[in-house]
Number of protein chains: 2
Amino acid sequence: MSIPFEIGQAFARDLDMQDELKAFRDEFVIADPDLIYLDGNSLGRLPKATVSLLRQLVESEWGEGLIRGWNLGWWDAPRRIGEKIATLIGAKPHEVLVADSTSVNLFKLAVAALRFQGKRDRVVSDVFNFPSDLYVLQGAISTLGGRHELVLMQSKDSIHMEDSEFERAVNDRTALVELSHVTFKSGFLYDMERVTGFAHEAGALVIWDLCHSVGALPVRLNACGADMAIGCTYKYLNAGPGAPAFLFVREDLQEKLGSPVWGWLGQENPFGFDLRYSPAPGINRFLAGSSPILSMTAVEPAVELVQRAGTDRIRAKSVRLTEYMIFLYDRFLSSRGFVLGSPRDERRRGSQVSIRHADAFRIIRAMIEDMKVIPDFRAPDNIRLGLTPLYISFSEVCEAVQRIAHIIDHNVHERFTHERPTVT
Amino acid sequence: MSIPFEIGQAFARDLDMQDELKAFRDEFVIADPDLIYLDGNSLGRLPKATVSLLRQLVESEWGEGLIRGWNLGWWDAPRRIGEKIATLIGAKPHEVLVADSTSVNLFKLAVAALRFQGKRDRVVSDVFNFPSDLYVLQGAISTLGGRHELVLMQSKDSIHMEDSEFERAVNDRTALVELSHVTFKSGFLYDMERVTGFAHEAGALVIWDLCHSVGALPVRLNACGADMAIGCTYKYLNAGPGAPAFLFVREDLQEKLGSPVWGWLGQENPFGFDLRYSPAPGINRFLAGSSPILSMTAVEPAVELVQRAGTDRIRAKSVRLTEYMIFLYDRFLSSRGFVLGSPRDERRRGSQVSIRHADAFRIIRAMIEDMKVIPDFRAPDNIRLGLTPLYISFSEVCEAVQRIAHIIDHNVHERFTHERPTVT
């Protein structure tokens, strides 16, 4: 099978020519131009600026500066980089911090929210949420004595959630709603404004998990009246493996909430060495211990790239990339045993296209090991094709579909076993 | 003033000649050989091996390997590096994890311990503890509903704690004792075996904070019957600014305790994506979110250096370094307005010598800015001289005292103001 030139190579080349963001691909290390990397929704590529900045950090700031490095920008990094992330998520500069992991940040905010909400005893989430979020919520509930109940909204299908589910789930017993803004399996995108509105009407607070939306589309936290958010920086923000996460707390809520982890960096005066904790004013109270500076440093140049590209332009390209992928799926993959696992409505879709196949695991092995296409896999049948607008071209989308079809047509995947690796 | 040759330069040179660890200095980046770095108890120097390993990590593993890096050792890092740290602290390989920050790890273990201890309602620590530990304990108590009381042991003096204080403080209401093994201000070293014994007799659990002992002296957790421990890796382990911390839980306690932060890496099967949390068997249940891999990677070569040197040899040199420093203090600094702020008994002293002075802040500014000696400062009057055996020579100890005496004799510090920087 060959994708016809006019809807394949030629069409893709035209789209690439018109791509306002095409120059951004040169900002990343592309070691093998023939490798199609569709896993930026799991770990983003390495920005070139990060390479030189990390060398300088290690060899000059740490190696020569030693302890003095803390005065060269390390100390302020959680706030300084938080201010930059704020511009990507529609928040005020003093509403965002970079710190800890997504799990730890969610724990801090969930415990704070549940304690603030007093007698309300329900936490609402959905079955699409990243399971780790659900685990953290369960742990927060257990830590607070087990008096809260976690209610998981179900859906009629495996891709999207109806707004009407909220009417059933959110009421005057709801303390907190916690959802993935873009869900990890299907890439379903919640209407943040509407959900926040539902929740606020019922008197509930909302924590948005932005892991799969930050850097891939404009997030408008303030415009939606959002309360709290968390997110990682290693997916569409390209900050490197396990890079520190961020958290957002709306200005007027900051002084009302308290982190359960009273570390010294969240203390009013960290170098006063008082024996009793008093929370710092504002967002700083959600800091705990020292930041992992090597990993933290890699966040900044990566976020700056996304700032330069602009989230509106990123979203516009993202929509075109996923539309094109779905267009090719309809013509060349649905007939080869694949089922679309992402919303067709672009307004409800993040920057990924999930395609499902009964033999998905062997297919992704063939993609990675024989065909130089790296997707993401979620058991049992979900091949997630992450389309990061900053470095994915339309020609790559076309070529990826071509290679996937080739695997099926030539049974390339049949040489692989069903044995599962630790991580894919 | 000149320190007489026979107890100064010549004596120090002899000690350096006999130093079994002297070759280890070449394992570190020493950008300016004339700079005497006595702040390794705050941020250790950069190992040369770390420089090349980080380049490889960033440029090859992340830049080229992309998501596949997780199968190149990133995934196993918390356990693999934990096993290496276990050899330094007298623990079994499966009892130690590298994860999160010291504050977050202490929170996880303190909450776990207090919940396990049921009705016991007291937490015992001391006024010498690093305040952040006290804050985290206060936060854990608050999160669990405020029914526990934090009891802080006082001391007759500012340097050491009498064992007899424990008899007063620890009883059948004590759930948990949490102490810095080596205290941060004076470098006082607790008798871990004895304290653990006292606590166990009363039915209490103990968490040891090893921040100022790991890498500076042999810690024998198993031999002391220790329950739990936490520690950082950026001081005597030289793992870099804000590098991930570690935690230890004794084998037989692991299945009895549960972390409050139920992240997916602490889940039984992280890639099963079950909606309900079940804790992983063993120590892994104390993992939360993804590790900051850049910072994590720097821990391993640094720990390997300490392993190669051996903690017994490190301790032997450390004792000689601090003894020599105190010898010179007695002759040349006590007459210049300094007061010794560390124990004279080597069995009760870590790897630092604190000297206190009414004008300490201006003196450390003169040391750093004019005299190329970097100490550590703790308000209001404490100059901490950290003596890291892997890279500090006896000649540097002698030269540092010479330069400090010079500051006093020539009023070098008088040109500085009392204005305090953010971090020193």
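Residues numbered from 1 in each chain as written. Chains lettered and ligands numbered in written order. Predicted model: local features only at pLDDT ≥ 70, side-chain atom pairs only at ≥ 80, totals over all residues.

Quick word on the overall build of chain A
Phase 1 of the analysis: When helices and strands are counted, chain A shows 13 helices and 13 strands.
Phase 2 of the analysis: In terms of C-alpha radius of gyration, chain A reaches 22 Å, essentially the compact-globule figure of 22 Å for 424 residues.
Phase 3 of the analysis: On the principal axes, the C-alpha backbone points of chain A span a range of 70 × 60 × 40 Å.
Phase 4 of the analysis: Across chain A, contacts joining residues at least 24 apart in sequence account for 73% of those joining residues at least 6 apart. (Helix = DSSP H or I, 4+ residues; strand = E, 2+ residues; numbered from the N terminus. Rg over C-alpha atoms; globule rule 2.2 N^0.38 Å. Contact = placed C-beta atoms within 7 Å.)

Let's talk about unusual backbone geometry
Phase 1 of the analysis: Going from Ala379(A) to Pro380(A), the amide bond is cis rather than trans, its omega being 0 degrees.
Phase 2 of the analysis: Not every positive phi belongs to a glycine, and Asp100(A) is a case in point at roughly 50 degrees.
Phase 3 of the analysis: For Asp100(A), the position within the fold is in the loop between strand E2 (96-98) and helix H4 (102-116).
Phase 4 of the analysis: Here the phi dihedral of Phe273(B) falls at roughly 55 degrees; this positive angle occurs in a residue that is not glycine.
Phase 5 of the analysis: Turning to its location among the elements, Phe273(B) is positioned in the loop between helix H8 (251-254) and helix H9 (293-297).

Side note on the relation of the copies chain A and chain B
Phase 1 of the analysis: Superposing chain A onto chain B takes a rotation of 180 degrees plus a shift of 0.0 Å along the axis, which leaves an RMSD of 0.0 Å. When the rotation and shift are considered jointly, the pair of chain copies conforms to a two-fold rotation axis.
Phase 2 of the analysis: When you check the interface residues of chain A against chain B, 100% turn up at the interface there too, and the contact is symmetric in its surfaces. (Least-squares fit on C-alpha atoms with pLDDT ≥ 70 in both.)

Concerning the domain arrangement of chain A
Residues and elements named next belong to chain A.
Phase 1 of the analysis: In terms of domain boundaries, chain A breaks down into domain 1 (9-47 + 310-415) and domain 2 (73-308).
Phase 2 of the analysis: Taken together, the contact between domain 1 and domain 2 spans 27 residues of the former and 24 residues of the latter.
Phase 3 of the analysis: Among the elements of the structure, helix H11 (311-333) and strand E10 (352-356) are those that each provide at least two residues to the side of domain 1 that touches domain 2.
Phase 4 of the analysis: Top contributing element to the side of domain 1 that touches domain 2 by residue count: H11, with five residues.
Phase 5 of the analysis: Class assignment for the residues of the side of domain 1 that touches domain 2 results in six nonpolar, 14 polar and seven charged. (Domains from an automatic or database assignment. Nonpolar A, V, L, I, M, F, W, Y, C, P; charged D, E, K, R; others polar.)

Thoughts on the packing of helix H12 (residues 360-369) of chain B against helix H13 (residues 394-409) of chain B
All names here are of chain B.
Phase 1 of the analysis: Between H12 and H13, the least distance of the axes is 10 Å, while the angle of their chain directions is 120 degrees. Comparing the axis directions of H12 and H13 gives the class oblique. As H12 runs across H13, the sense of the crossing is right-handed. Every residue of H13 that contacts H12 at Ile363, Ala366 and Met367 is listed here: Arg403, Ile404 and Ile407.
Phase 2 of the analysis: For the contact of H12 with H13, the per-class residue count stands at five nonpolar, no polar and one charged. (Axes fitted to C-alpha atoms, helices over the stretch in contact; angles between N-to-C directions. Parallel < 35°, antiparallel > 145°, perpendicular 65-115°, else oblique. Left-handed = near helix turned anticlockwise from the far one by under 90°.)

Topic: the environment of Met192(B)
Residue and element names in this part refer to chain B.
Phase 1 of the analysis: Take Met192: it is sitting in helix H7 (residues 192-201).
Phase 2 of the analysis: Exposure remark for Met192: the 23 C-beta atoms within 10 Å place this residue in the buried category.
Phase 3 of the analysis: Taking the C-alpha atoms as reference points, Met192 and Arg220, 28 residues apart in sequence, are found 8.3 Å from one another.
Phase 4 of the analysis: Contact partners of Met192, with chain neighbours within four places excluded, come to His181, Trp208, Cys224 and Ala226. (Buried ≥ 20, exposed ≤ 12 C-beta atoms within 10 Å, placed from the backbone.)

Concerning the confidence of the model for chain A
Phase 1 of the analysis: When the pLDDT values of chain A are averaged, the result is 96; 99% of them are 70 or greater.
Phase 2 of the analysis: Two numbers describe this predicted complex: its pTM, 0.97, and its ipTM, 0.97. (pLDDT = per-residue confidence, 0-100.)

Description of the interface of chain A and chain B
Phase 1 of the analysis: Contact residues are listed per partner, giving 70 residues for chain A and 71 residues for chain B.
Phase 2 of the analysis: At the level of secondary structure, the elements contributing two or more residues to the side of chain A that touches chain B comprise helix H2 (48-62), H4, helix H5 (131-143) and helix H9 (293-297) of chain A.
Phase 3 of the analysis: Considering every element that reaches the side of chain A that touches chain B, the biggest residue donor is H5(A), with eight residues.
Phase 4 of the analysis: Of the residues assigned to the side of chain A that touches chain B, the class counts are 43 nonpolar, 21 polar and six charged.

Quick notes on the sheet that holds strand E4 (residues 149-153) of chain B
Residues and elements named next belong to chain B.
Phase 1 of the analysis: Reading across the sheet, the seven strands line up as E2-E8-E7-E6-E5-E3-E4 and stay open at both edges, with mixed pairing between neighbours. In the strand order of this sheet, the two ends are held by strand E2 (96-98) and E4, each with one partner. Direction aside, neighbouring strands of the sheet carry axes that sit 20 degrees apart on average.
Phase 2 of the analysis: Here three bridges tie strand E3 (residues 122-126) to strand E5 (residues 174-180), and the two strands are oriented parallel to one another. Bridge pairing in E5 places Val123 opposite Leu176.
Phase 3 of the analysis: The strands that H7 touches are E5 and strand E6 (205-209); relative to E6, the one it contacts most, it runs at about 155 degrees. (Pairing = 2+ DSSP bridges.)

Considering the sheet that holds E10(A)
Residues and elements named next belong to chain A.
Phase 1 of the analysis: Spatial strand order, E9-E10-E13-E12: four strands in an open sheet with antiparallel pairing. The sheet terminates laterally at strand E9 (339-340) and strand E12 (376-378), the two strands that pair on one side only.
Phase 2 of the analysis: Bridge analysis of E10 against strand E13 (residues 382-386) gives five bridges, and the strand direction is antiparallel. What sits directly across from Arg356, in E13, is Asn382.
Phase 3 of the analysis: Here helix H12 (residues 360-369) sits on the sheet and contacts E10, E12 and E13; the angle it forms with E13, its principal contact strand, is near 40 degrees.

Regarding the environment of Gly65(B)
Residues and elements named next belong to chain B.
Phase 1 of the analysis: One can find Gly65 in the loop between helix H2 (48-62) and helix H3 (77-88).
Phase 2 of the analysis: It is 54 Å that separates the C-alpha atoms of Gly65 and His357, two residues lying 292 residues apart in sequence.
Phase 3 of the analysis: Dropping the residues within four chain positions of it, Gly65 is found in contact with Ser60 and Leu72.

So, the packing of helix H4 (residues 102-116) of chain B against helix H5 (residues 131-143) of chain B
Residue and element names in this part refer to chain B.
Phase 1 of the analysis: Two elements in contact, H4 and H5, have axes separated by 9 Å at closest approach and are oriented at 45 degrees. By the angle between their directions, the pair H4 and H5 is classed as oblique. Like other packed secondary-structure pairs, H4 and H5 cross with a definite hand, here right-handed. Contacts from Ser103, Leu106, Phe107, Ala110, Val111 and Leu114 of H4 reach H5 at Ser132, Asp133, Val136, Leu137, Gly139, Ala140 and Thr143.
Phase 2 of the analysis: Its residues assigned to classes, the contact of H4 with H5 comprises eight nonpolar, four polar and one charged.

Describing H12(A)
Residues and elements named next belong to chain A.
Phase 1 of the analysis: Here H12 lies mainly inside the structure; nine of its ten residues are buried.
Phase 2 of the analysis: Within H12, the full set of buried residues consists of Ala360, Phe361, Arg362, Ile363, Ile364, Arg365, Ala366, Met367 and Ile368.
Phase 3 of the analysis: Check the buried side of H12 and you find it contacts E10, strand E11 (373-374), E12, E13 and helix H13 (394-409).

Looking at the nonpolar core
As a rule of thumb, nonpolar side chains are buried together in soluble globular proteins.
Phase 1 of the analysis: With 297 residues, the main nonpolar core has Ala110(A), Ala110(B) and Val397(B) as its most contacted residues.
Phase 2 of the analysis: Contacts of Ala110(B), omitting those with residues within four sequence positions, involve Val136(B), Leu137(B), Ala140(B), Leu176(B), Glu178(B) and Ile207(B). (Core = buried A, V, L, I, M, F, W, Y, C linked by C-beta atoms within 7 Å.)

Regarding H5(B)
All names here are of chain B.
Phase 1 of the analysis: Here H5 is 13 residues long and its end C-alpha atoms lie 18 Å apart, about the 18 Å a rise of 1.5 Å per residue gives.
Phase 2 of the analysis: For H5, the buried fraction is high: ten of the 13 residues fall into the buried class.
Phase 3 of the analysis: Buried within H5 we find Ser132, Asp133, Leu134, Tyr135, Val136, Leu137, Gly139, Ala140, Ile141 and Thr143.
Phase 4 of the analysis: Phi turns positive one or two residues past the end of H5, at Gly145, with a value near 105 degrees. (Expected span 1.5 Å × (residues − 1).)

Considering the pairing of strand E8 (residues 246-249) of chain A
Each regular strand shows side chains that alternate between the opposite faces of the sheet.
Residues and elements named next belong to chain A.
Phase 1 of the analysis: Along E8, one buried face is formed by Phe246 and Phe248 and the opposite face, lined by Leu247 and Val249, is buried too.
Phase 2 of the analysis: Bridge count between E2 and E8: three bridges; the pairing is antiparallel. When the bridges of E8 are listed, Val96 appears paired with Phe248.
Phase 3 of the analysis: Summarising the sheet, strand E7 (residues 228-231) and E8 pair through four bridges and their orientation is antiparallel. Residue pairing for E8: Ala229 is matched across the bridge by Phe248.

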